[in-house]
Amino acid sequence: MNRIRQVNLSDIPALQELYQHTVLTVNRKDYTAEEVADWASCGDDTSHWGELFEEQHYVVAENEEGVIVGFGSVNDDGYMHTLFVHKDFQHQGIATSLYKYLEAYARERGTKRLTSEVSITAKPFFEKQGFQVDEEQKRKANQMCLTNYKMSKQLY
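Since the structure is predicted, the reported quantities are computational estimates derived from the model, not experimental observations. (Residues numbered from 1 in each chain as written. Predicted model: local features only at pLDDT ≥ 70, side-chain atom pairs only at ≥ 80, totals over all residues. Heavy atoms only, no water.)

Enquirer: Hey, could you run me through the packing of aromatic side chains in this one?
Expert: Applying the stated criterion across every chain, the model contains 12 aromatic pairs. Taking 6.5 Å as the distance between ring centres and 70° as the angle between the ring planes, the aromatic pair formed by Trp 49 and Phe 53 counts as edge-to-face. Of the two residues, Trp 49 and Phe 53 both sit in helix α3 (residues 46-55), 4 residues apart, roughly one turn of that helix. Accessibility assignment for this pair places Trp 49 and Phe 53 in one class, buried. Pairwise contacts between aromatic rings join Tyr 19, Trp 49, Phe 53, Tyr 58, Phe 71 and Phe 84 into one cluster. The lysine or arginine in question, Arg 107, covers the ring of Tyr 156, its NZ or CZ lying 5.4 Å from the ring centre. The side chain of Arg 109 reaches across the aromatic face of Tyr 105, ending 3.5 Å from its centre. (Phe/Tyr/Trp six-rings, centres within 6.5 Å; stacked < 30°, edge-to-face > 60°. Helix = DSSP H or I, 4+ residues; strand = E, 2+ residues; numbered from the N terminus. Buried < 20%, exposed > 50% of the residue type's maximum accessible area, 1.4 Å probe, protein only. Lys NZ or Arg CZ within 6 Å of the ring centre and 35° of its normal.)

Enquirer: Which parts of the structure should I look at to understand the pattern of salt bridges?
Expert: In this structure the tally under the stated criterion is 13 salt bridges. Between Glu 108 and Arg 109 there is a salt bridge; the shortest N-O distance is 3.5 Å. We classify Arg 109 as partly exposed; its relative accessible area is 40%. A salt bridge links Arg 113 to Asp 134; the nearest nitrogen and oxygen atoms lie 3.5 Å apart. Placement of Arg 113 in strand β6 (residues 113-119) and of Asp 134 in strand β7 (residues 132-140) is noted, with a sequence separation of 21 residues between them. Residue classification places Arg 113 among the partly exposed residues on the basis of a relative accessible area of 37%. Judged by its relative accessible area of 39%, Asp 134 is partly exposed. Residues joined in a network through salt bridges with shared partners are Arg 3, Arg 5, Asp 11 and Glu 62. (Salt bridge = Lys/Arg side-chain N within 4 Å of Asp/Glu carboxyl O.)

See below:
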């Protein structure tokens, strides 16, 4: 059983590690080694994490031992910036739990539509949650442009 709670600034080192290790391993099946290395480097800037926490409602999922096994975010306009699950805890329902929590949070604020920019790897998960692809795009990670998808889901 995982517990979902609001993020703290003290979580940044754990989130950086989770994010980078997940991108470098899980996303490697859909992107080149160079692409995932560039993408993972986006997590290096500690101050940027703090900015994201102010712009988005960030939550973490912890297991019984208090280890952060995933995190996600949504803002009041329904934009989901982040949804990541630790590379060692994939396919255990963590992403679904985080997603459901974030969708409920958005609904409580009257959000009518959720949007996200989703990796090739995450696209099937978002489709299972009822999202549709609005557009395939190339987005700059750090130095390189990677393929991802603008996706959305109507809530009302």
